[in-house]
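Descriptive structure summary
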Amino acid sequence: MKNTYTYPKKYDVIVIGAGHAGCEAALAAARMGSSVLLLSINLDTVAQLSCNTCIGGVAKGQIVREIDALGGEMARNTDDTGIQFRMLNMSKGPAVRSPRAQCDKKLYQFTMKHTLEAQKNLDLKQGEAVEIVVKNGNACGIITNPGMKYSAKTVIVTTGTFLKGVIHIGESIFKAGRGGEFPANHLSDSLLKLGFEIKRLKTGTPPRVNARSLDYSKLTEQPPDSNPSPFSHFTRQIKQKQLSCWLAYTNIKTHKIIASNFHRAPLFSGQISGIGPRYCPSIEDKIKKFPDKLRHQIFLEPEGHTTEEIYCNGLATSLPVDVQIKILHSIRGMEKAELMRPGYAIEYDYCPPTQLKPTLETKLIGNLWFAGQINGTSGYEEAGGQGIMAGINACLKLESREPFILDRSEAYIGVLIDDLVTKGVLDPYRMFTSRAEYRLILRTDNADMRLMKYGRKYGLISSKNYKLFLAYRDKVAKEITRLEKEIDLKEKIPFATLIRQGKLSAGRTGAGKTGKKRTGVRPKRKIAENTYIVSPERISHEAFIEIKYAGYIKRQNSDISRFRNMERKRIPDNMDYTRLKGLLTESRQKLILIKPVSIGQASRISGVTPADIGILLIYLEKLSNRG
């Protein structure tokens, strides 16, 4: 861009995009002492919950707890702004229990914005990044519209759905980053010129309706947990007023309306080329794929205390507006629903994540990181997890320190990033507990046990809070020792019996019974540091899980030991796979593309066979002997 003005301040880190990945990246880097510029196309939409106003859910809740244990912000912001908290899967084992919260959409957004504005070392500015500046193979700044050049030592790209975003509503097509916002039309061209591969993905959102237009007598109430469990390890209790959600169902009439308008659906007409999310399909996709299913659930979720907008979760669609209205009016309890915003599909550019190192730094350009939906993921939580890792690693590289890589046995964040950089994506990636081999270890209740040491190591957890955590960890260990002495597990007495006998306390499950709406006072946002929370109930609960599942945990720890042995077998960065005789052609191509850092990662690459791994091991052994 001609006639650019060079901003006089040089930053350590520039973060492009102030969504959930960008916020976590910028806060982590600033809190580690780097000077940070966080750039957003529109400062009024920083950290916007652009689709669902929900944070957490199955496996996603674990990621939020992990971000919190590392010193991130998402969990605390959720606790400050949540309007309905629920612990999911309470009838199942602790490995799949996950917290979920509806948030006040605007309160979440502006609370996070204020946190960013108040953060030392962080500048928040408005502008559209149009070019990555590269010198000697390393990113060294950006150019924005309007005509500003910012210099930096590192750049993190977290652009969400904005890269050449195109929205579809029936036959209507228009450019946008999301509903009502400008797209980023130029940054993709800059990335292409730098040599990055770029592809298209698609996601969607449902219509919003006015709460006053619903007939609640025909809907099923979903009340919040009466004793809501906070997301953050630093929140004592949830104080703000809680709201109910409501459940509705589609029916045969609804399905006929949709089926009769398949020809007007951009998803089927050829109008959309991007690949949509496999596990969160549009309502027209559900009807097409499951024609025998008589009904689908629709969760009607309030978007906040100061709005009447209701989010129709489960009804994502890109059908024309007139069809959307007919669909809404065909649903019991929504016969007079007033449409406020139509649902839509959005196509956008992303960079296949096999172009990244496990640190999320790009292989092609040094000092350039990608995080969030640019890597082909979906969801605020997946974005936030990538963001904090990118922010930490950018700072570590600036300080010439060892990179921070979480492996699959340590965190869902580790599973997420390993899946992305090793396997790539064919459709928007969404985290599930089934993706984690060691999910009994990666529970929501022990995220601090697993990861807080790293948060402290990188300066994101204070010494005061870490001392409180260490005291908690010691108390849990002592409680486990006490219980092991008092209970003879070989007797195989049912745990329910032990609890009735008073020999074992189930502790607090984190959910409580469901009940009617609670009232309370919304607290003022505290910028000051929160305190790590410890309670006797929490100690008892953690010890209870460790004792009850001791045999399974021991078996999984044995599996993890074998896994880590494979991860310790490192592969040199300059490995020349063309010299390895006997490798399958596909395997050689995949190994050259992915550049795995370990034998463990190489073994997870699709198409690489056990025989190929054997050849690799023999070659590495020869290299070792020569050394």
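Going by the structure above, here's the rest.
Note that residues are indexed from 1 along each chain, following the sequence as it is written. With pLDDT at 70 or above as the cut-off, local features in this predicted model cover only qualifying residues; side-chain atom pairs require 80 or more to be listed or tallied, and sums for whole chains, interfaces and linings still use all residues. Side-chain measures here rest on the full set of heavy atoms in the structure, leaving out hydrogens and waters.

Moving on, we get to the overall build of the protein chain. Here a strand is any run of E in DSSP of at least two residues, a helix any run of H or I of at least four, and the numbering for each starts at the N terminus. Within the protein chain, the regular secondary structure consists of 19 helices and 20 strands. By the compact-globule yardstick of 25 Å for 627 residues, the protein chain fits well, its C-alpha radius of gyration being 25 Å. Viewed in the frame of its principal axes, the protein chain has a C-alpha envelope of about 80 × 75 × 50 Å. When accessible area is computed with a 1.4 Å probe and restricted to protein chains, residues below 20% of their type maximum are described as buried, those above 50% as exposed, and intermediate ones as partly exposed. Expressed as a percentage of the 627 residues in the protein chain, the buried residues total 58%. Considering only contacts within the protein chain whose residues lie at least 6 apart along the sequence, 76% involve residues at least 24 apart. Of the accessible surface of the protein chain, which amounts to about 26,800 Å², a share of 51% is contributed by carbon and sulfur atoms. The centroid of the 96 positive side-chain charges in the protein chain is displaced by 1 Å from the centroid of its 62 negative side-chain charges. Computation of the radius of gyration draws on C-alpha atoms alone. For the globule rule, the value is 2.2 Å times the number of residues to the power 0.38. Every residue pair with non-hydrogen atoms within 4.5 Å of one another is taken to be in contact. The Shrake-Rupley method, run with a 1.4 Å probe, gives the accessible areas here. Residue values count only the displayed protein chains as cover. Charged-residue counts in this description rest on Lys and Arg as positive and Asp and Glu as negative, His and the chain ends being excluded. The atoms used to mark charge sites are NZ of Lys, CZ of Arg, CG of Asp and CD of Glu.

At least two DSSP bridges between two strands are needed for those strands to be called paired. The strand order 3-5-4 describes an open sheet built from three strands, whose pairing is antiparallel. The sheet is open, and its two edges are formed by strand 3 (54-56) and strand 4 (82-88), each paired on a single side. Pairs of neighbouring strands in the sheet enclose a mean axial angle of 20°, with direction left out of account. Along the sheet face, helix 3 (residues 74-81) touches strand 3, strand 4 and strand 5 (98-103) and points at about 115° away from the line of strand 4. Only C-alpha atoms enter the line fits that serve as axes; for helices the fit covers just the stretch in contact. Angles between N-to-C directions range over 0 to 180 degrees.

Right, let's get into helix 5 (residues 187-194). For helix 5, every residue scored as buried is listed here: L187, S188, S190 and L191. Take helix 5 and look down its axis: the buried residues cluster within an arc of 160°, on one side only. Where helix 5 is buried, its residues contact strand 1 (5-16), strand 7 (128-135), strand 9 (148-157), strand 19 (344-350) and strand 20 (368-370). Working definition: the arc comes from the directions between the helix axis and the C-beta atoms, pointing outward to the latter.

Before going further, it helps to spend a moment on the pattern of salt bridges. In what follows, salt bridge is the name for a side-chain nitrogen of Lys or Arg lying within 4 Å of a carboxyl oxygen of Asp or Glu. Inspection of the entire model under this criterion finds 38 salt bridges. Across the pair K105 and E303 runs a salt bridge whose closest N-O atoms are separated by 3.7 Å. Within this pair, whereas K105 is found in helix 4 (residues 105-118), its partner E303 is found in the loop between strand 16 (297-302) and strand 17 (309-313), the two being separated by 198 residues in sequence. Given the relative accessible area of 2%, E303 is considered buried. K199 is paired through a salt bridge with E197; the nearest N and O atoms lie 3.6 Å apart. The class of K199 is partly exposed, set by a relative accessible area of 41%. Each of R408, D418, D419, K423, E437, E567 and R604 takes part in one network of salt bridges that share partners.

Once that is clear, we can look at the side chain of K60. Relative to the helices and strands, K60 resides in helix 2 (residues 60-69). Polar side-chain contacts of K60 include one of 3.4 Å to the side chain of E381. Beyond its immediate stretch of four places on either side in the chain, K60 contacts S378, G379, E381, E382 and R430. Here a polar contact is recorded for every N or O atom pair within 3.5 Å, except that within protein the pair must consist of a potential hydrogen donor and a potential acceptor, and residues adjacent in sequence are included only if both atoms are side-chain atoms.

Two faces, one strand: in a regular strand the side chains alternate between the faces of the sheet. Note that strand 7 and strand 8 (residues 138-145) share seven bridges and pair antiparallel. The partner of V134 across the bridge, within strand 8, is A139. Counting the residues in the hairpin turn of strand 7 and strand 8 gives two residues, including N136, whose phi is positive at 55°.

This next bit is on the environment of Q297. Tracing the backbone through its elements, the reader meets Q297 in strand 16. With relative accessibility at 39%, the residue Q297 sits in the partly exposed group. Residues Q297 and A248 lie 49 residues apart in sequence; the distance between their C-alpha atoms is 6.0 Å. Residues in contact with Q297, not counting those within four places in the same chain, are L247, A248, Y249, N313 and G314.

Everything listed here is a matter of geometry and, on its own, says nothing about what the molecule does.
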